[in-house]
Amino acid sequence: MINLLNGEWYKLGKSRSFLVCCICIVASVCLLYGMLFLVDEVQKGNVENGTAGVFVTVDGQEPLSGQSVFESVTVGEILQNIMVVFVVLISGIFNIIFVVGEYGNGAMKNLAGKGYSRGKIFAAKHMVCMLTTEIMVLLSAILNYALGCIFIGKACLEGAVLKDYVIYVLLISALVVAINSIIAVISEISRSLAVGIVVVVCVAGGISSLLFNALDLLLHNFSVQPSSYWLTNLMEECPVSGFETEIVLRIVISVVVWFGVSFAAGMWHFHKADIK
């Protein structure tokens, strides 16, 4: 198992897609703060409204001078947007490439032919995918907090704010990892880059949430709401402070169930399917 993990980490270190995805996450976070800064300057009256295609209105009217956008948002709220919009999409695309690419270049067939247990091969690949996802989540969280300290100011350094931020990062990272577990397993089952991308688009684009909401309507007579336990819905619902037991419990249950089901399904398929 150690040799398999070392091999996966070696391939990760050689992977250009991992570097590109990390750069994309850094660029996305910086772009978001750049847009917020531009909106802030417009609201303060320092920049003309409409500069760089950014138009700011408040209830249909021009923004009032002197108002700062950074006074109305928290570092946790900004991170929530980063996770929902950027990190799920970018990390999902990486996992597709990292998993499907093993079949396209024959590396998986060569590895299976060396006598390693299929269970260990799948577990090693899956583990590295999840750890890589966690690295991307932490990269975005650390960069976001650093930029938040610069733009929002000393409010980010308060003990209560930092404590809430750490708790939120732990909850949201668990959700992102569980989502990527599903994406990685579907990529392994389909072994198709196109199918994997469609899945990522459906998840990150909100289509999966709409499907679960529709399922709620079909099951309304049974007082069951599957959407309350769907991962992307929980990402949007997860609070950035004032963590209530009910929502935290739903997140924990959903992460454990979805991760467990996806991992078991992937392990079963990897054992049964031919490796070409």
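For the structure itself, consult the block above.
Being a predicted model, the structure only gives us computed values, none of them experimental.

Rules of the game
Starting afresh in each chain, residues are numbered from 1 along the sequence in its written order. Per-residue local features are limited, in this predicted model, to residues with pLDDT of at least 70; the limit for side-chain atom pairs, both in listing and counting, is 80 or more; totals at the level of whole chains, interfaces and linings are taken over all residues. As a rule here, side-chain values cover all heavy atoms of the structure and leave hydrogens and water aside. Patch construction takes residues with relative accessible area above 30% that form no salt bridge. Like charges are linked within 9 Å, and nonpolar side chains (Val, Leu, Ile, Met, Phe, Trp, Tyr) are linked within 5 Å. All accessible-area figures derive from a Shrake-Rupley calculation using a 1.4 Å probe, and residue coverage is judged against the displayed protein chains alone. Here, a salt bridge means any side-chain nitrogen of Lys or Arg that lies within 4 Å of a carboxyl oxygen of Asp or Glu. Put simply, DSSP marks the helices as runs of H or I at least four residues long and the strands as runs of E at least two long, and each gets a number from the N terminus on. For Phe, Tyr and Trp, rings pair up if their centres lie within 6.5 Å, where Trp contributes its six-membered ring, and each pair is then called stacked (planes under 30 degrees apart), edge-to-face (over 60) or tilted (otherwise). Think of it in three bands: residues with accessible area under 20% of the maximum for their type are buried, residues over 50% are exposed, and the middle band is partly exposed, with areas taken using a 1.4 Å probe on protein chains only. Convention adopted: a line fitted to C-alpha atoms gives each axis, helices being fitted over their contacting stretch, and angles between N-to-C directions are expressed from 0 to 180 degrees. Crossing handedness is read from the near helix: turned anticlockwise from the far helix by less than a right angle, it gives a left-handed crossing, and turned clockwise, a right-handed one. Note on contacts: a residue pair qualifies if any of its non-hydrogen atoms lie within 4.5 Å across the two residues. In this count, Pro and Cys sit with the nonpolar residues alongside Ala, Val, Leu, Ile, Met, Phe, Trp and Tyr, while Asp, Glu, Lys and Arg are called charged and the others, Gly among them, polar. Every helix has an expected span of 1.5 Å times one less than the residues it contains. Here, nonpolar core refers to any group of buried Ala, Val, Leu, Ile, Met, Phe, Trp, Tyr and Cys residues whose side-chain atoms link them within 4.5 Å. Should an angle fall under 35 degrees it is called roughly parallel, over 145 degrees roughly antiparallel, and 65 to 115 degrees roughly perpendicular, with every other angle called oblique.

Caption draft 1: Up close: a nonpolar patch on the surface. Where nonpolar side chains cluster on the molecular surface, the patch consists of Leu89, Ile93, Ile97, Leu193, Ile197, Val201, Ile207 and Leu211 and spans about 640 Å² of accessible area. Only helix H3 (75–104), helix H7 (193–204) and helix H8 (207–218) provide two or more residues apiece to the nonpolar patch.

Caption draft 2: Fine view of the packing of aromatic side chains. Applying the stated criterion across every chain yields a total of eleven aromatic pairs. With a centroid separation of 5.4 Å and 20° between ring planes, the pair formed by Phe94 and Phe98 is classed as stacked. Residue Phe94 and its partner Phe98 are located together in helix H3, separated by four residues, close to a single helical turn. Ring geometry for Phe122 versus Phe270: centroids 5.9 Å apart, planes at 40°, classification tilted. Taken together, the residues span a long stretch of sequence, with Phe122 in helix H5 (residues 118–151) and Phe270 in helix H10 (residues 245–272) at a distance of 148 residues. Each of the two residues, Phe122 as well as Phe270, counts as buried. Each residue in the set Phe122, Phe259, Phe263 and Phe270 is aromatic and connected to the rest through ring pairs, giving one cluster.

Caption draft 3: Summary view of the packing of H5 against helix H6 (residues 159–190). Put simply, H5 and H6 touch, their axes get as near as 9 Å, and they point 145° apart. When you trace H5 past H6, the crossing you get is right-handed. Residue-level contacts link Phe122, His126, Met130, Thr133, Glu134, Val137, Leu138, Ala141, Asn144 and Tyr145 of H5 to Leu162, Tyr165, Val169, Ser173, Val176, Val177, Asn180, Ser181, Ala184, Val185 and Glu188 of H6. Partitioned by chemical class, the residues of the contact of H5 with H6 number 13 nonpolar, six polar and two charged.

Caption draft 4: Representation of H10. For H10, with 28 residues, the first-to-last C-alpha span of 40 Å sits near the 40 Å given by 1.5 Å per residue. Buried within H10 are the following residues: Ile247, Arg250, Ile251, Ser254, Val255, Ser262, Gly266, Met267, His269 and Phe270.

Caption draft 5: Representation of the pattern of salt bridges within the structure. In the structure shown here, the tally under the stated rule is three salt bridges. Among the ionic pairs, Arg250 bridges to Glu237, the shortest N-O distance being 2.5 Å. Linking Arg250 in helix H10 with Glu237 in helix H9 (residues 231–237), this pair joins segments that are 13 residues apart in sequence. For Arg250, a relative accessible area of 8% corresponds to the buried category. Through salt bridges that share partners, Glu237, Glu246 and Arg250 make up one connected network.

Caption draft 6: Highlighting the nonpolar core. Met83, Leu175, Met235 and Ile251 are the most contacted members of the largest nonpolar core, which has 74 residues in total. Setting aside residues no more than four positions away along its own chain, Ile251 makes contact with Leu171, Leu175, Leu234 and Cys238.

Caption draft 7: Layout of the packing of H6 against H10. At a closest axis distance of 9 Å, the pairing of H6 and H10 adopts a crossing angle of 20°. When the axis of H6 is compared with that of H10, the two are roughly parallel. Here H6 and H10 pass one another in a crossing that is left-handed. Of the residues in H10, those in contact with Leu171, Ala174, Leu175, Val177, Ala178, Ser181, Ile182, Val185, Glu188 and Ile189 of H6 are Val248, Ile251, Val255, Trp258, Phe259, Ser262, Phe263, Ala265, Gly266, His269 and Phe270. Across the contact of H6 with H10, the residue classes break down as 16 nonpolar, four polar and one charged.

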